[in-house]
Amino acid sequence: MKNIRNFSIIAHIDHGKSTLADRFIQFCGGLEMREMSAQVLDSMDIEKERGITIKAQTAALTYKARDGQVYNLNLIDTPGHVDFSYEVSRSLSACEGALLVVDASQGVEAQTVANCYTAIELGVEVVPVLNKIDLPAADPDRIAQEIEDIIGIEAVDAVRASAKSGIGIEDILETVVSKIPPPEGNPDGPLKALIIDSWFDNYVGVVMLVRVIDGQLKPKDKIKFMATQAEHLCEQVGVFTPKSVQRQSLNAGEVGFVIAGIKELKSAKVGDTITLMSKPATEPLPGFKEVQSQVFAGLYPVESHDYEALRDALEKLQLNDASLKYEPEVSQALGFGFRCGFLGLLHLEIVQERLEREFDMDLITTAPTVNYEVVMKDGTVEVVSNPSKMPEAGKYEELREPIITATILVPQDYVGSVMTLCNNKRGVQRNMQYMGRQVMLTYDLPMNEVVMDFFDRLKSTSRGYASLDYEFKEFQSADLVKLDVLVNSEKVDALSLIVHRATSVYRGRELVSKMRELIPRQMFDIAVQAAIGGHIIARETVKALRKNVLAKCYGGDITRKKKLLEKQKAGKKRMKQVGNVEIPQEAFLAILQVGDK
Ligand SMILES: Nc1nc2c(ncn2[C@@H]2O[C@H](COP(=O)(O)OP(=O)(O)OP(=O)(O)O)[C@@H](O)[C@H]2O)c(=O)[nH]1
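Cut-offs used in this document
- Residues numbered from 1 in each chain as written.
- Predicted model: local features only at pLDDT ≥ 70, side-chain atom pairs only at ≥ 80, totals over all residues.
- Heavy atoms only, no water.
- UniProt positions renumbered as here; feature names shortened; annotations may be inferred.
- Pairing = 2+ DSSP bridges.
- Helix = DSSP H or I, 4+ residues; strand = E, 2+ residues; numbered from the N terminus.
- Axes fitted to C-alpha atoms, helices over the stretch in contact; angles between N-to-C directions.
- Buried < 20%, exposed > 50% of the residue type's maximum accessible area, 1.4 Å probe, protein only.
- Contact = heavy atoms within 4.5 Å.
- Polar contact = N/O pair within 3.5 Å; in protein donor to acceptor, adjacent residues only side chain to side chain.
- Phe/Tyr/Trp six-rings, centres within 6.5 Å; stacked < 30°, edge-to-face > 60°.
- Expected span 1.5 Å × (residues − 1).
- Disulfide = S-S within 2.5 Å.
- 1 Å grid on protein atoms, 1.4 Å probe; cavity = no way out; pocket = protein on both sides within 12 Å on 5 of 7 lines; lining within 4 Å.
- Points joined across faces, edges and corners; volume = space filled by probe spheres on them.
- Nonpolar A, V, L, I, M, F, W, Y, C, P; charged D, E, K, R; others polar.

Named according to an unreviewed UniProt entry, the protein chain is Elongation factor 4 originating from Vogesella margarita. Its UniProt record gives the protein chain a comment under Catalytic activity (unreviewed entry), which states: "GTP + H2O = GDP + phosphate + H(+)". One UniProt comment on the protein chain, placed under Sequence similarities (unreviewed entry), says "Belongs to the TRAFAC class translation factor GTPase superfamily. Classic translation factor GTPase family. LepA subfamily."

*Asks:* Quick one: what's the story with the sheet that holds strand β12 (residues 236-240), residue by residue and with numbers?
*Replies:* Reading across the sheet, the 8 strands line up as β11-β10-β16-β7-β8-β15-β12-β13 and stay open at both edges, with antiparallel pairing between neighbours. Pairing within the sheet leaves two strands with one partner each, and these edge strands are β11 (231-233) and β13 (244-247). Recorded for the sheet is a direction-independent mean angle of 40° between the axes of neighbouring strands. Here 3 bridges tie strand β10 (residues 222-225) to strand β16 (residues 273-276), and the two strands are oriented antiparallel to one another. Within β16, the residue paired with F225 across the bridge is I274.

*Asks:* For the UniProt feature "binding site: GTP" (unreviewed entry) in the protein chain, give the residues involved together with the corresponding values.
*Replies:* Mapped onto this numbering, the UniProt entry gives "binding site: GTP" (unreviewed entry) at D14, H15, G16, K17, S18, T19, N131, K132, I133 and D134. Following the sequence through the fold, T19 ends up in helix α1 (residues 17-27). Taking the relative accessible area as the measure of exposure, T19 reaches 28% and is therefore partly exposed. Examined against the element boundaries, K132 turns out to sit in the loop between β5 (125-131) and α5 (140-151). Apart from residues no more than four positions distant in its own chain, K132 is found in contact with D14, H15, G16, D103, A138, A161 and S162. Among the polar contacts made by the side chain of K132, one reaches the side chain of D103 at a distance of 3.4 Å.

*Asks:* Describe the packing of aromatic side chains, naming the residues involved and giving the relevant values.
*Replies:* Inspection of the entire model under this criterion finds 9 aromatic pairs. Judged by centre distance (6.2 Å) and plane angle (65°), the ring pair of F7 and F24 falls under edge-to-face. Taken as a pair, F7 in strand β1 (residues 4-11) and F24 in helix α1 lie far apart in primary sequence, 17 residues in all. With relative accessibility at 0%, the residue F24 sits in the buried group. Taken together through their ring pairs, the aromatic side chains of Y307, Y326, F336 and F338 make up a single cluster.

*Asks:* Residue-level account of unusual backbone geometry, with values.
*Replies:* Outside of glycine, negative phi angles account for most residues, and trans bonds account for most peptide bonds. Positive phi values are uncommon outside glycine, yet K132 reaches one of about 65°. The partly exposed category is assigned to K132, whose relative accessible area is 23%. In the Ramachandran plot, S489 falls in the positive-phi region, its phi being about 70° despite a non-glycine side chain. Inspection of the secondary structure assignment puts S489 in the loop between β27 (480-487) and β28 (490-491). With a relative accessible area of 55%, S489 lands in the exposed category.

*Asks:* I'd like a description of the environment of V239, backed by residues and values.
*Replies:* Within the secondary structure layout, V239 lies in strand β12. Given the relative accessible area of 4%, V239 is considered buried. It is 24 Å that separates the C-alpha atoms of V239 and S85, two residues lying 154 residues apart in sequence.

*Asks:* Can you break down helix α4 (residues 110-121) residue by residue, with the values?
*Replies:* The terminal C-alpha atoms of α4, which comprises 12 residues, lie 17 Å apart, in line with the 16 Å expected from a rise of 1.5 Å per residue. Residues of α4 that are buried include every one of A110, Q111, T112, V113, A114, N115, C116 and A119, and no others.

*Asks:* Give a detailed account of the sheet that holds strand β18 (residues 325-331), specifying residues and quantitative values.
*Replies:* What links the strands of a sheet is backbone hydrogen bonding, and the strands pair in either a parallel or an antiparallel sense. Ordered in space as β18-β19-β17-β20, the 4 strands form an open sheet in which the pairing is antiparallel. With partners counted over all chains shown, the strands left at the sheet margins are β18 and β20 (363-365), one partner each. Put simply, the sheet's adjacent strands are angled 30° from each other on average, direction ignored. Strand direction decides the pairing type here: strand β17 (residues 295-301) and strand β19 (residues 335-342), joined by 5 bridges, are antiparallel. Bridged to G298 within β19 is R339. Its contacts with the sheet put helix α7 (residues 307-320) on β17, β18, β19 and β20, and the angle it makes with β19 is roughly 15°.

*Asks:* Describe the pairing of β27, listing the residues and the values that go with them.
*Replies:* Counting buried residues along β27, 8 of its 8 residues qualify, which places the element largely inside the surrounding structure. The two faces of β27 match: L480, K482, D484 and L486 on one face and V481, L483, V485 and V487 on the other face are all buried. Judged from the 4 bridges that link them, β27 and strand β29 (residues 497-500) form a sheet pairing that is antiparallel. Bridge assignment links L483 to a residue of β29, and that residue is L497.

*Asks:* Lay out the side chain of S504 in plain terms, naming residues and giving numbers.
*Replies:* Following the sequence through the fold, S504 ends up in helix α11 (residues 501-518). Classification of S504 by relative accessible area gives buried; the value is 3%. Engagement of the side chain of S504 in a polar contact is seen with the backbone oxygen of R501, the distance being 2.7 Å. Here S504 is in contact with V481, L483, V499, I532 and I537, once residues within four sequence places are set aside.

*Asks:* Residues and numbers for the state of the cysteines, please.
*Replies:* The full count for this structure, using the stated rule, is 0 disulfides. We note that C28 lacks a disulfide partner, and the nearest cysteine sulfur, in C95, lies 16 Å from it.

*Asks:* Residue-level account of the pairing of strand β8 (residues 205-214), with values.
*Replies:* Counting buried residues along β8, 10 of its 10 residues qualify, which places the element largely inside the surrounding structure. Two elements, strand β7 (residues 192-201) and β8, share 9 bridges in a ladder whose sense is antiparallel. Bridge pairing links L194 to R211 in β8. Remark: 3 residues form the turn of the hairpin made by β7 and β8, two consecutive strands paired antiparallel. Pairing between β8 and strand β15 (residues 255-259): 5 bridges, direction antiparallel. Bridge assignment links L209 to a residue of β15, and that residue is F257.

*Asks:* Can you lay out empty space enclosed by the protein for me, pointing to particular residues and giving the numbers?
*Replies:* The tally for this structure, following the rule as stated, stands at 4 cavities of 30 Å³ or more. Here the largest cavity is characterised by a volume of approximately 170 Å³. For the largest cavity, the lining is made up of 21 residues, of which T366, D493, A494, L495 and S496 are closest to its centre. The set of elements that each furnish at least two residues to the lining of the largest cavity consists of β18 and α13 (585-588). Sort the elements by how many residues they give to the lining of the largest cavity and β18 lands first, with 3 residues. Grouping the amino acids of the lining of the largest cavity by side-chain chemistry returns 12 nonpolar, 6 polar and 3 charged. Looking at the second largest cavity, its volume works out to about 50 Å³. Every residue lining the second largest cavity is listed: K425, M452, D453, R507, I591 and V594. Residues that form the lining of the second largest cavity fall into these classes: 3 nonpolar, no polar and 3 charged.

Here is the structure:
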């Protein structure tokens, strides 16, 4: 065990984690040159395009160090986004060390700070690395100081590297060997293996990535999952180099995969502990948690006959994404669809995109919302995630909304505007700390304000410099009202929103005025109204269309005519007929474009 090093990389999105991981693989000869596709560790197509690591993956590397000894380095990849912080914490708890990779031209960001604190709490050795020193804007000395100021670990001697041009790669590996301690554990004790990640493979079923803490795991062992109590037969174990290579056993201190003929991802939950039936551990490893959906939205097929196809697609996606939740829902306006639960906004976007791209679905998505607790007159508490299902005012005693604690890291110059933004979003300041050139602001914010457009606003008011991390705090009583939208006097349930009373009238007005811009003119006047509890508070009219799109193509150019018709058809794709009015997707999300007062 003394020549094993288990480590992961903590880095903000785009600071170069994947590029660096690829360099390690290349340096340690895990893959032939021709097998190195652009970025090996991000395997999904969308990940490649967006450059975001969604699923943690790993590589077992063999490194001959300068001291002449051969080390087994297990690199555990972690997702870099706040939506996946639970997965990050599980990956980190499987490591003895973590490389903190910071872009030397950008500096430390809130997400990296949060993940570093998690690592430090878990007793993981954090080793700083300054990346991208090849960039002209790189200022490694200043960023090293910043790491010391903000995270409080020594960084003056941090390795200066460039993952892109291959500078400092061997130095980093040397630091991994010298600074990160080898794993500890009892090789002869009862098996305890932590599930770091799990995913569905079409050929072998569920694949689990595990870190063996104590004991040994071999094919043919009868295994038991301590949280779900499920029992299975271990079929295969092995490691990723990053190609999969079978092994005879996985031993204490090692990281590798386990295949046990499991058909459903639900039964192999991240954070669960695997033990042996014949010699079970008495206690599971700490830290297991059921992941909860934080953000909800309705997904509806544009064509109602695609409903079954959408259900199949969601089912298939869930095979590979246990954190995606969905249940059937009926909307008067949109027909049959699903209410889906997501870890966060990015997760929602990814799911939506995969449905459209991989399953070729045309979807209408309703504005994202959160869970509300409704305390009824008889004292019972109901959880409502769909605004149109909210009981009428007067039928309940109290409404509670989720509050998050947000940590924002921002350069001093933008503190004022970020504070104004937080106040507009009903934030309550909890702390403010100067850390070198940066300021760390802590705010309690209503989650429903954050899911709207908080992140985009934060980025624009700070010219992209502010970064955000958040976690759920509690449900809090709030003066909220339901805002309904009527199109030609008919209430469109899919457009209902929950808003704070203080901003409800303003938002109602702005919303209908935005919708007037977004709903295309049709052959008749369309009235768009906003109402609170039956009172109309705003009205706009989309004027009837007089012109025929073909009218201007007088004369004969048939190709031009076809093109126009086609354009019109394509534009129609993401529209939904509500009553006699066609409403485009953008109008369902119009609330996201409504600014603050
Ligand atoms: N100039 C320069 N660019 C780099 C360096 N390392 C990475 N990059 C570039 O920075 C961008 C982001 O790199 P990635 O490795 O994808 O970043 P990441 O941290 O893995 O990002 P996520 O997977 O989204 O978390 C890419 O365009 C890389 O080519 C470096 O040392 N120097």
